[in-house]
Amino acid sequence: MTLTRRQALLAGASLPMAAVPLATRAEGHAMTMESKLPTHRDFTLGDFKVTTLLAGSRNVENPHQIFGTNVSDDDFNAAAEAAFIPSDVARFFFTPTIINTGSDVILFDTGTDAGGLTWALNSAGYQTSDVTHVVLTHMHGDHIGGLTGDAGETFANATYITGQLEYDHWDMSGNEGFEAKVRPLADRTQFLTGGDSVRSGITAVEAFGHTPGHMAYMIESGGKQLLLMADVANHYVWSLQNPEWEVRFDADKAAAAQTRKTIFDMASTDRIPLIGYHMPFPGLGFVEKRGEGGYHFVPHSYQLM
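Residues numbered from 1 in each chain as written. Predicted model: local features only at pLDDT ≥ 70, side-chain atom pairs only at ≥ 80, totals over all residues. Heavy atoms only, no water.

Chemist: Explanation requested: the sheet that holds strand β6 (residues 105-108) in the structure shown.
Modeler: Hydrogen bonds between backbone atoms are what pair the strands of a sheet, whose relative direction is either parallel or antiparallel. If you trace the seven strands from one edge of the open sheet to the other, you get β1-β2-β5-β6-β7-β10-β11, paired in mixed fashion. The open sheet terminates on both sides in strands that have one partner only, identified here as β1 (40-45) and β11 (189-192). Sheet twist, expressed as the average angle between the axes of neighbouring strands with direction ignored, equals 20 degrees. Packing against the sheet, helix α4 (residues 114-123) makes contact with β1, β2 (48-53), β5 (97-100) and β6, and its axis sits at approximately 140 degrees to β2. Along the sheet face, helix α6 (residues 164-171) touches β10 (159-163) and β11 and points at about 90 degrees away from the line of β10. (Pairing = 2+ DSSP bridges. Helix = DSSP H or I, 4+ residues; strand = E, 2+ residues; numbered from the N terminus. Axes fitted to C-alpha atoms, helices over the stretch in contact; angles between N-to-C directions. Contact = heavy atoms within 4.5 Å.)

What follows is the structure, given as structure tokens:
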């Protein structure tokens, strides 16, 4: 039998893979899968360089104990099936963001630990000493964890910025994470309220509910806008898509639901891209309004490249 050129190419291409035992290939994939996760992604917004950092990622089982705690198993499972995701496990992403204005390097949130954050930061071409400002959207542990590590304070040259209402709440709470990570930096911390600016083009937006003083930030440069929504929504299906589904982590569940609807109405109407701290990495996308009170997350492809 005479092989055609296409048959010969296909046969040749299959030989190296066929020569490798299945067990070896499987083991190799298992060993390298986590190491292949990206560390960062760069975008452009006017004159600003925006970089999202994957400071950590992990699987969490039984997500219905966290998301949609006010809906039935059937409704929760149906939403997962419609979105082509499993209902018994969720992938969590922890995504701080760098805004490089050309004169300042501003980091928003710090991940769960200094090691993961520093690794991602270095991979993106930054040293911790380059960071001029660290903005804390709120004081949950996965946002303040990277402030200090085994070597002490992570950002020796930085000024810290956070919402006054948020700081005051945790200041009176006796929370161990706040006492260990945030309070020692009090003398270098500045406070703001909604509408205040971190720097020109970076404005605080009240997004209360997830925590009492939770802030989002509107980024504007060159006539373009981008919203850092932090934890307005903690999952792109079970939280963003369904804003009235309650989330265990939200301190004021009714206020958090109203904030989601307000933010997503604005983002969808004005077609503003947003970065969500827990959205699938690289965390950037758009919100599309669907039906009565529902939304859909549209991941970024190349719009800001």
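Chemist: In this structure, what is going on with the nonpolar core? I would like to understand it.
Modeler: Generally speaking, a soluble globular protein has its nonpolar side chains buried in company with each other. The biggest cluster of nonpolar side chains holds 24 residues, and the ones touching the most others in it are Leu53, Leu107, Val131, Val134, Met139, Leu147 and Phe155. Elements that contribute at least two residues to this core include exactly β6, α4, β7 (133-136), α6 and α7 (176-182). For this core, the leading source of residues is α4, giving three residues. Grouped together as the second largest cluster of nonpolar side chains are 21 residues, Ile161, Ile202, Leu284 and Leu304 included. (Core = buried A, V, L, I, M, F, W, Y, C linked by side-chain atoms within 4.5 Å. Buried < 20%, exposed > 50% of the residue type's maximum accessible area, 1.4 Å probe, protein only.)

Chemist: Any chance you could explain the side chain of His210 here in plain terms?
Modeler: Looking at where His210 falls in the secondary structure, it is placed in the loop between β13 (202-206) and β14 (215-221). What makes His210 buried here is its relative accessible area of 3%. For His210, the side chain forms a polar contact with the side chain of His138, separated by 3.5 Å. Reaching out from His210, the side chain makes a polar contact with the side chain of Asp231 at a distance of 3.1 Å. Once you skip the residues sitting within four places of it in the chain, His210 turns out to touch His138, His140, Asp231, Asn234, Phe249, Asp250, Ala251 and Ala256. (Polar contact = N/O pair within 3.5 Å; in protein donor to acceptor, adjacent residues only side chain to side chain.)

Chemist: So what exactly am I meant to see when it comes to helix α3 (residues 73-82) here?
Modeler: Residues lying three or four places apart along an α-helix face the same way, a consequence of the helix completing one turn every 3.6 residues. Considered for burial, the residues of α3 that qualify are Phe76, Ala79 and Ala80. Buried residues of α3 fall within an arc of 100 degrees about the axis and therefore sit on the same side. Every exposed residue of α3 that faces more than 90 degrees away from the buried side is listed here: Asp74, Glu81 and Ala82. Residue Phe84 follows α3 closely and has a positive phi angle near 60 degrees. (Arc of directions from axis to C-beta.)

Chemist: It is not clear to me how the sheet that holds strand β16 (residues 274-276) should be interpreted in this structure. Could you clarify?
Modeler: Taken in spatial order, the seven strands of this open sheet run β12-β13-β14-β15-β16-β17-β18, and their pairing is mixed. Of all the strands in the sheet, the pair left with one neighbour each is β12 (197-199) and β18 (294-299). If you compare each strand with its neighbour and ignore which way they point, the axes differ by 35 degrees on average. Examined bridge by bridge, β16 and strand β17 (residues 284-290) share two bridges and lie antiparallel to one another.

Chemist: Any chance you could explain the pattern of salt bridges here in plain terms?
Modeler: Where charged atoms from two side chains of opposite charge come close, those side chains can pair. Using the criterion set out here, one finds nine salt bridges in the structure. Through salt bridges with shared partners, a single ionic network connects Asp171, Glu179 and Arg183. (Salt bridge = Lys/Arg side-chain N within 4 Å of Asp/Glu carboxyl O.)

Chemist: Would you explain the pairing of β6 in this entry?
Modeler: In regular strands, side chains alternate between the two faces of the sheet. Burial along β6 is two-sided: Val105 and Leu107 and Ile106 and Phe108, pointing in opposite directions, are all buried. Direction of pairing for β5 relative to β6: antiparallel, over a ladder of four bridges. Note that in β6 the partner of Asn100 across the bridge is Val105. Linking two consecutive strands that pair antiparallel, namely β5 and β6, is a turn of four residues; a positive phi of about 105 degrees is found at Gly102 within it. With three bridges joining them, β6 and β7 adopt parallel strand pairing. Opposite Ile106, over in β7, you have His133 as the bridge partner. Note that the unit made of β6, α4 and β7 has a crossover that is right-handed. (Right-handed = clockwise from strand over helix to strand, strands pointing away.)

Such coordinate-based values are descriptive only and should not be taken to indicate function.
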